[in-house]
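Structure at a glance
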Amino acid sequence: MKHTKVKDLLNSTTTLQEVNAKGWVRTFRNNQFIALNDGSTINNIQCVVDFENTPDETLKRITTGAAVSVIGTLIESKGAGQKYEIQVNKLEILGDSDAEKFPIQPKNKPSLDFLRENAHLRVRTNMFGAIMRVRSVLSFAVHNYFQSKGFVYVNTPIITGSDAEGAGEMFKVTALPFDNTPRTEDGKVNYKEDFFEKETNLTVSGQLEGETYAMALGQIYTFGPTFRAENSNTSRHLAEFWMIEPEVAFNNLDDNMDLAEDFIQYVIKYALDNCQDDLKFLEGRLLDEEKSKPQAERSEMALLEKLNFVLENNFKRVSYTEAIDILRDSTPNKKKKFQYLINEWGADLQSEHERYLVEKHFKCPVILFDYPANIKAFYMRLNDNTEPGRETVRAMDILFPGIGEIVGGSEREERYDVLIEKMKALEIDEEELSWYLDTRRFGSATHAGFGLGFERLVLFVTGMTNIRDVIPFPRTPGNAEF
Ligand code: 4AD
Ligand code: MG
């Protein structure tokens, strides 16, 4: 007989004569009650074992983590907390789990650190089951949003020759041997002898290739893995993360902000509508976690309230120049509480400043725009009429409470001459990016796009605080297990 998912059993509208459920034992109480979970929902189904007619041998093998199949009757539950339960007639142990050795024991309340070391098993906990289901629903929402608006999904290359961000934070890709590496006459590595006959790396962003597609298909988006060899061992950085990058021909920076805001609100709403049980559970988890923190460090809003707040309120749009004025006059700046003090226009904003603006000053998501040209990437459009020495570009960053930067984007420099000037100044190889420059040589037009770090979105929606806990197998400096 075919087995039925626990979620469907719990949502049944009637009792059922004979059902089969398969899953993993979460707990086994009083030699009688199995809490069975199969991953289809955060909720377990209670399976009541007729212990008097079940051999002791079998009862002993019903341990946390074991895989079992039960056949029985779906009846209305007498116990509180669930509508239905299974009165078991036949129980089969599919796979034993040694209670002494299985590391995920609910009684022990394993720490997040311990669970990270057991990332292959942590998904068997309620918390990680919930996070990963929410992550999956959010990725579906991303595609839904763009597909319903007629965007074309583009798979940009993972191995590339270019550094899209110009920050030099790339992982090299090579098939050359480390001993006896082929060298040129002047002693440099001879990439002509490498697999691709040139230097290559893992992509830091699909934007540049994405732009070429937007300049033909109009509206495109990418959604794929990106890699950064930046040595930032923080709770917001991964070496391998997933990024969503829409790019739209004929959009300017205002259109770009509108798109980003609408997109983020859509995916959050989608999660609220489709992950109610998981989000409620995660809200409870967060409340629990925060009980151990001093009152001042606790969030002002519970998780669902915070998500709804983002849906119901416009993001505050603030220019970099206004933000600098606010920061310069802020209490932590005057009292020298910031690690990096804001003294003058042109300073790069650190996460402490971003979080001050969002969490203390505006108390809502903020879009900062028109940044100084020299702290941003080469492809961003230079603003018309900016003061010499105070040039700004049409850049925007979206800052979220508890997260900091969640989106980075810009209107692109569509003027060939201006772009070439900029590349020369930054010593970016024109030859290497000749294909990119073709978009400006042939039929150039205003266009804009942004990148949203998918894990930072999942962090926000799940209320988790460490980015290592919202991707199945995190890659960070010093860690590439699994
Ligand atoms: O601001 P970034 O570097 O922008 C770009 O890559 C542009 N090419 C995007 C575009 O305009 N198409 O990165 C975009 C977002 C950040 O706002 C952040 O959310 C996320 O990607 N991000 C990271 N997430 C996790 N770990 C890291 N190391 C990240 N670096 C960036
Ligand atoms: Mg950025």
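Every value quoted in this text rests on a predicted model; they were computed, and no experiment measured them.

Within the protein one finds 15 helices and 16 strands. Structurally, the protein occupies a C-alpha span of about 85 × 60 × 45 Å along its principal axes. The buried share among the 482 residues of the protein stands at 50%. For the protein, the accessible surface area stands at approximately 24,100 Å², while carbon and sulfur atoms represent 48% of it. Averaging the locations of the 57 positively and 75 negatively charged side chains of the protein gives two centres separated by 6 Å.

Next up on the list: the site of ligand 1. The immediate surroundings of ligand 1 are formed by 24 residues, with Glu165, Gln207, Arg228, Glu245 and Glu405 found nearest. Within the side chain of Glu405, one N or O atom sits 2.6 Å away from an oxygen atom of ligand 1. Contact with the protein chains removes 93% of the 630 Å² of surface that ligand 1 exposes when unbound. Here ligand 1 occupies the largest pocket. For the shell around ligand 1, the secondary structure elements donating two or more residues are β11 (240-249), β15 (404-411) and β16 (447-453).

In this section: the sheet that holds strand β14 (residues 392-400). Ordered in space as β6-β10-β11-β16-β15-β14-β13-β12, the eight strands form an open sheet in which the pairing is mixed. Lying at the two open borders of the sheet, with one neighbouring strand each, are β6 (152-153) and β12 (316-319). Pairing of β6 with strand β10 (residues 219-227) involves two bridges; the strand directions are parallel. Along β10, the bridge assignment pairs Tyr153 with Tyr221.

Attention shifts here to empty space enclosed by the protein. All chains considered together, the criterion is met by one cavity of 30 Å³ or more. By volume, the largest cavity amounts to about 30 Å³. In terms of lining, the largest cavity is formed by Thr160, Ser162, Ala164, Thr203, Val204, Ser205, Leu208 and Glu209. Class assignment of the residues belonging to the lining of the largest cavity gives a composition of three nonpolar, four polar and one charged.

A word on the domain arrangement of the protein. Partitioning the protein into structural domains gives domain 1 (6-102) and domain 2 (126-169 + 204-469). A C-alpha centroid distance of 45 Å is found between domain 1 and domain 2. At the junction of the two partners, domain 1 supplies six residues and domain 2 supplies six residues. On the domain 1 side of the interface with domain 2, the three residues burying the most area are Arg26, Gly39 and Ile42, jointly 79% of the side's total. Inspection of the domain 1/domain 2 interface yields zero salt bridges. Split by residue class, the side of domain 1 that touches domain 2 holds one nonpolar, four polar and one charged.

The next subject is the pattern of salt bridges. Applying the stated criterion to the full structure yields 30 salt bridges. The shortest N-O distance in the salt bridge between Arg441 and Asp438 comes to 2.7 Å. On the criterion of helical spacing, the pair formed by Arg441 and Asp438 is a turn pair, its members being three residues apart in helix α14 (residues 434-441). Residue class for Asp438 comes out partly exposed when judged on its relative accessible area of 29%. Each of Arg381, Asp384, Glu411, Glu413, Glu414 and Arg415 takes part in a single network of salt bridges with overlapping partners.

The strand order around the closed barrel built from five strands is β1-β2-β3-β5-β4, with neighbouring strands paired in mixed fashion. Pairwise comparison of adjacent strand axes, ignoring direction, gives a mean angle of 55° for this sheet. As paired elements, strand β1 (residues 16-29) and strand β2 (residues 33-37) share five bridges and run antiparallel to each other. The residue bridging Arg29 from the neighbouring strand is Phe33, located in β2.

As for its position among the elements, Asp348 is in the loop between α11 (331-334) and α12 (351-362). The class of Asp348 is partly exposed, set by a relative accessible area of 43%. Considered as a pair, Asp348 and Val68 are 280 residues apart in the sequence and their alpha carbons are 56 Å apart.

Bringing the environment of Pro365 into the picture now. Relative to the assigned elements, Pro365 resides in the loop between α12 and β13 (366-372). Judged by relative accessible area, which is 1%, Pro365 ranks as buried. Contact partners of Pro365, with chain neighbours within four places excluded, come to Phe309, Val310, Phe315, Lys316, Leu399, Phe400 and Pro401.

This brings us to the pairing of β2. With five of five residues buried, β2 is to be regarded as a mostly interior element. Judged by which residues are buried, β2 turns out to be covered on both faces: Phe33, Ala35 and Asn37 on one side and Ile34 and Leu36 on the other are all buried. In textbook terms, the turn of a hairpin is the stretch between consecutive antiparallel strands, and for β1 and β2 this stretch comprises three residues, one of which, Asn30, has a positive phi near 55°.

Okay, the packing of aromatic side chains next. Applying the stated criterion across every chain, the model contains 22 aromatic pairs. Here Phe400 and Phe460 contribute two aromatic rings whose centre-to-centre distance is 4.7 Å and whose plane-to-plane angle is 75°, an arrangement assigned as edge-to-face. Remark: Phe460 occurs in helix α15 (residues 454-462) and Phe400 occurs in strand β14; sequence separation between them is 60 residues. Assigned by exposure class, Phe400 and Phe460 land together as buried. Look at Phe473 and Phe482: their rings are 5.1 Å apart centre to centre, the planes differ by 45°, and that puts the pair in the tilted class. Here Phe473 falls in the partly exposed class, since its relative accessible area comes to 35%. Here Phe482 falls in the partly exposed class, since its relative accessible area comes to 46%. An aromatic cluster is present here, built from Phe140, Tyr145, Phe146, Phe151, Tyr153, Tyr221, Phe263, Tyr266, Tyr270 and Phe450 joined pairwise through their rings.

The rules we used
- Residues numbered from 1 in each chain as written.
- Chains lettered and ligands numbered in written order.
- Predicted model: local features only at pLDDT ≥ 70, side-chain atom pairs only at ≥ 80, totals over all residues.
- Heavy atoms only, no water.
- Helix = DSSP H or I, 4+ residues; strand = E, 2+ residues; numbered from the N terminus.
- Buried < 20%, exposed > 50% of the residue type's maximum accessible area, 1.4 Å probe, protein only.
- Areas by Shrake-Rupley, 256 points an atom, 1.4 Å probe, with all protein chains shown as cover.
- Lys, Arg positive; Asp, Glu negative; His and termini not counted.
- Charge placed at Lys NZ, Arg CZ, Asp CG, Glu CD.
- Near = heavy atom within 4 Å.
- Polar contact = N/O pair within 3.5 Å; in protein donor to acceptor, adjacent residues only side chain to side chain.
- 1 Å grid on protein atoms, 1.4 Å probe; cavity = no way out; pocket = protein on both sides within 12 Å on 5 of 7 lines; lining within 4 Å.
- Sits in = over half its atoms within 2 Å of the grid points.
- Pairing = 2+ DSSP bridges.
- Points joined across faces, edges and corners; volume = space filled by probe spheres on them.
- Nonpolar A, V, L, I, M, F, W, Y, C, P; charged D, E, K, R; others polar.
- Domains from an automatic or database assignment.
- Contact = heavy atoms within 4.5 Å.
- Buried area = accessible area lost by both parts, 1.4 Å probe.
- Salt bridge = Lys/Arg side-chain N within 4 Å of Asp/Glu carboxyl O.
- Axes fitted to C-alpha atoms, helices over the stretch in contact; angles between N-to-C directions.
- Phe/Tyr/Trp six-rings, centres within 6.5 Å; stacked < 30°, edge-to-face > 60°.

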